[in-house]
Amino acid sequence: MFSAFSSIDIHSVRARTPSEVAVKRLDGIGHVLSDLDLADVQTQDDLTRALMSLDTADKCIRAIRAEFRTEAASDRLVRKAESLMALIERTRDELMGVRAA
């Protein structure tokens, strides 16, 4: 689900502005989430861990976005945050569908 972020080298780009630093942090969250494999969710404990990971990532993204409430965030930051949050929501829905099955 998050494999689009797995090829990003988050250390190769130097951030110059606070917004660029925030984008790098979002890239890192996407990179961590790229290791989340829905096929590995077999037990209730697996499901709980996956959902906790998604919830934590969502909170981190919201915290990053909150830093820019009083200053302008780059379009790239806003798009990346919204994209990650949408992926998290779709993954959460998928996981809950697996649980119901």
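From a predicted model like this one, the values you see are computed outputs, not experimental measurements. (Residues numbered from 1 in each chain as written. Predicted model: local features only at pLDDT ≥ 70, side-chain atom pairs only at ≥ 80, totals over all residues. Heavy atoms only, no water.)

Colleague: Where do I start with the overall build of the protein in this structure?
Modeller: Along the protein, the regular secondary structure elements total three helices and zero strands. Its helices and strands in sequence order give the protein the pattern α-α-α, from N to C terminus. Looking at the protein as a whole, 34% of its 101 residues are labelled buried. A separation threshold of at least 6 residues defines the contact pool for the protein, and within that pool the share at least 24 residues apart is 74%. (Helix = DSSP H or I, 4+ residues; strand = E, 2+ residues; numbered from the N terminus. Buried < 20%, exposed > 50% of the residue type's maximum accessible area, 1.4 Å probe, protein only. Contact = heavy atoms within 4.5 Å.)

Colleague: What's the story with the environment of Leu 26 in this structure? I'm lost.
Modeller: As for its position among the elements, Leu 26 is in helix H1 (residues 18–33). The spatial distance from the C-alpha of Leu 26 to the C-alpha of Ala 81 is 6.9 Å, given a sequence separation of 55 residues. In this view, Leu 26 contacts Ile 61, Ile 64, Leu 77, Lys 80, Ala 81 and Leu 84; residues no more than four positions away in its chain are not counted.

Colleague: For this particular structure, what's the right way to read the pattern of salt bridges?
Modeller: When the charged atoms of two side chains lie near each other, side chains of opposite charge can form a pair. Counted by the stated rule, this structure contains six salt bridges. A salt bridge links Arg 49 to Asp 46, with the nearest nitrogen and oxygen atoms 2.7 Å apart. With a gap of three residues between them, Arg 49 and Asp 46 both fall in helix H2 (residues 44–66), about one helical turn apart. Across the pair Glu 89 and Arg 92 runs a salt bridge whose closest N-O atoms are separated by 2.9 Å. A residue pair is termed a helical-turn pair when its members lie 3 or 4 positions apart in one helix, as Glu 89 and Arg 92 do in helix H3 (residues 75–100) at three residues. (Salt bridge = Lys/Arg side-chain N within 4 Å of Asp/Glu carboxyl O.)

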